[in-house]
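Letter by letter, the chains look like this.
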Amino acid sequence: MNNQITFYTIALTLVGCCYGNVVLPRDNELLPGCGGYMFVDDEVVIDGPFNENCIMQFETQEDRVLAFSVVDGNIKDALQLLNIHDGFGVDSPMLKVENQIGHEVSRKNKPRVLYTKSSEAIVQFTKTSHSNMKLKIQKAVDCPLGIGDNTQCGRVVDDVSCYCATFTGRTFTDQTMFCLDKKMKLAIFENRTEEENVQATWPGTAGAYYTSMTDARREGTWVWESSMTVLKAGDYTNWFPGRPSYVANNVEDCMLYGGSYLQFWGDINCATLARAICEAQP
Ligand SMILES: *[C@@H]1O[C@H](CO)[C@@H](O)[C@H](O)[C@H]1NC(C)=O
């Protein structure tokens with residue numbers, strides 16, 4: 001009796017897993033090689049081989065999207081073996097490399113990652129994959145081409161975050177609200193690489209860009225307001241020589257890069273109209 005139940009369970013699982021217009025139970029773990037459901041908190045890497053007709057469901061946080069790539073491989077080649085549908089349903093639109101090019105300002109010609117528009121996706125294998133194929137699925141923020149007039153966005157730092165430049169001059173406060181209205185934040189530069197990637201895309205030669213750093217709350221204490229992190233000794237900085245101003249009660253309380261400060265950081269009156277960089281992290 002027990003054996004029979006086990007047999008039917010396996011048979012049902014296989015049928016459920018691999019054929020037809022399937023909706024898998026939500027609590028199903030991924031089965032080796034074939035099928036199942038997984039919630040993507042941050043990122044997962046799934047090792048092949050994957051079997052023909054196998055279907056996997058992935059879901060992430062409601063206001064985020066899924067990013068599919070292949071470890072040490074090319075997602076375009078992988079599409080010979082699998083289809084990725086944007087949503088839980090084999091009739092949901094299929095992701096295609098050609099349709100994704102615009103999402104990657106910094107890598108226009110080489111999309112390595114396929115992004116969904118929704119927080120759910122189905123991967124359906126059309127052929128059996130090589131055993132060494134590793135499928136990587138990450139939680140990402142959506143990254144539109146722009147967030148309004150006179151803006152431009154791109155995945156300029158990594159595959160999961162999004163940065164947008166607004167070329168309209170506004171005060172620091174207005175730029176802070178501009179980013180927040182778009183569900184983003186004024187940028188934080190945690191390290192040189194991050195800043196170099198942003199400046200390579202939006203150099204300060206044509207105008208200066210606000211970030212979220214200011215010492216308006218207490219003179220001399222610089223804070224990344226987007227994370228309310230105080231700048232400590234040893235943290236990454238990129239000040240122009242002689243900046244910031246140490247004159248008592250000076251009114252140059254907001255940081256920006258570019259303009260007369262070239263590729264460095266300068267401090268300026270927060271009421272000055274300048275461009276800005278917004279960012280969103282997964
Ligand atoms: C630099 O900052 C970026 C963005 O926050 C982060 O993804 C990256 O891991 C950091 N790199 C180093 C070397 O800390």
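Cut-off values and rules
Residues numbered from 1 in each chain as written. Predicted model: local features only at pLDDT ≥ 70, side-chain atom pairs only at ≥ 80, totals over all residues. Heavy atoms only, no water. Phe/Tyr/Trp six-rings, centres within 6.5 Å; stacked < 30°, edge-to-face > 60°. Helix = DSSP H or I, 4+ residues; strand = E, 2+ residues; numbered from the N terminus. Buried < 20%, exposed > 50% of the residue type's maximum accessible area, 1.4 Å probe, protein only. Lys NZ or Arg CZ within 6 Å of the ring centre and 35° of its normal. 1 Å grid on protein atoms, 1.4 Å probe; cavity = no way out; pocket = protein on both sides within 12 Å on 5 of 7 lines; lining within 4 Å. Points joined across faces, edges and corners; volume = space filled by probe spheres on them. Nonpolar A, V, L, I, M, F, W, Y, C, P; charged D, E, K, R; others polar. Domains from an automatic or database assignment. Salt bridge = Lys/Arg side-chain N within 4 Å of Asp/Glu carboxyl O. Near = heavy atom within 4 Å. Polar contact = N/O pair within 3.5 Å; in protein donor to acceptor, adjacent residues only side chain to side chain. Areas by Shrake-Rupley, 256 points an atom, 1.4 Å probe, with all protein chains shown as cover. Core = buried A, V, L, I, M, F, W, Y, C linked by side-chain atoms within 4.5 Å. Contact = heavy atoms within 4.5 Å. Disulfide = S-S within 2.5 Å.

Per an unreviewed UniProt entry, the chain goes by C-type lectin domain-containing protein and derives from Daphnia galeata.

**Student:** So what's going on with the packing of aromatic side chains? Residues and values would help.
**Tutor:** Scanning all chains against the criterion turns up 13 aromatic pairs. Consider the rings of Y37 and F88, whose centres lie 6.3 Å apart with planes at 70°: the pair is edge-to-face. Taken together, the positions of Y37 in strand β1 (residues 36-39) and F88 in the loop between β5 (82-86) and β6 (114-115) put the pair 51 residues apart, joining distant regions of the chain. By relative accessible area, which is 11% here, Y37 ends up buried. F88 sits in the partly exposed class, given a relative accessible area of 22%. Geometrically, the ring pair formed by F240 and Y261 is edge-to-face, given 5.6 Å between the ring centres and 65° between the ring planes. Note that F240 is positioned in the loop between β14 (229-230) and β15 (254-257) and Y261 in the loop between β15 and β16 (265-268), a separation of 21 residues in sequence. By relative accessible area, which is 24% here, F240 ends up partly exposed. Residue class for Y261 comes out buried when judged on its relative accessible area of 13%. Taken together, the aromatic side chains of F189, Y209, W222, W224, Y236, W239, Y257 and W265 make up a single cluster linked through ring pairs. In this structure, R155 packs its charged tip against the face of Y115, placed 3.7 Å from the ring centre.

**Student:** Just give me the short version of the layout of surface pockets, but keep the residues and values in it.
**Tutor:** Taken as a whole, the largest pocket spans an internal volume of roughly 430 Å³. Contributing to the lining of the largest pocket are 19 residues, with R64, V141, K183, M184 and A280 lying nearest its centre. Of the residues assigned to the lining of the largest pocket, the class counts are 9 nonpolar, 2 polar and 8 charged. Counting contributing residues per domain, the lining of the largest pocket is built from domain 1 (9-140) and domain 2 (151-280), each supplying no fewer than three.

**Student:** Can you tell me about the pattern of salt bridges, naming the residues and giving the values?
**Tutor:** Applying the stated rule across the entire model yields 8 salt bridges. Two residues, R112 and D159, come together in a salt bridge whose shortest N-O distance is 2.9 Å. With a gap of 47 residues between them, R112 in the loop between β5 and β6 and D159 in the loop between β9 (151-154) and β10 (162-170) connect regions that are remote in the sequence. Judged by relative accessible area, which is 40%, R112 ranks as partly exposed. Each of the salt bridges in this network shares a partner with another, and the network as a whole consists of R243, E252 and D267.

**Student:** Quick one: what's the story with the site of the ligand, residue by residue and with numbers?
**Tutor:** Taken together, D158, E190, N191 and E194 make up the full set of residues near the ligand. Side-chain polar atom of N191 to an oxygen atom of the ligand: 2.4 Å apart, as the coordinates give it. Contact with the protein chains hides 47% of the accessible area of the ligand, taken as 360 Å² for the molecule alone.

**Student:** Can you explain the nonpolar core? Please cite residues and give values.
**Tutor:** Formed by 25 residues in total, the largest nonpolar core has its most connected members in F58, F68, V123, F125, M133, L135 and I137. Among the secondary structure elements, those contributing two or more residues to this core are β2 (43-47), β3 (55-59), β4 (65-70), α2 (75-78), β5, β7 (120-125) and β8 (134-140). The contact partners of V123, leaving out residues within four places of it in the chain, are C54, I55, M56, F58, F68, L82, N83, I84 and L135. If you look at the next biggest cluster of nonpolar residues, it comprises 21 residues, including C143, Y210, L256 and C278.

**Student:** So what's going on with the state of the cysteines? Residues and values would help.
**Tutor:** Per the stated rule, a full pass over the model turns up 4 disulfides. Residue pairing for C254: its cysteine sulfur links by disulfide to C270, the two sulfurs lying 2.1 Å apart. Across the disulfide from C254 to C270, rotation about the S-S bond amounts to roughly 95°, and the bridge is consequently right-handed. Highlighted residues: C254 in strand β15 and C270 in the loop between β16 and β17 (274-280), separated in sequence by 16 residues. When sorted by exposure, C254 lands in the same class as C270, which is buried.

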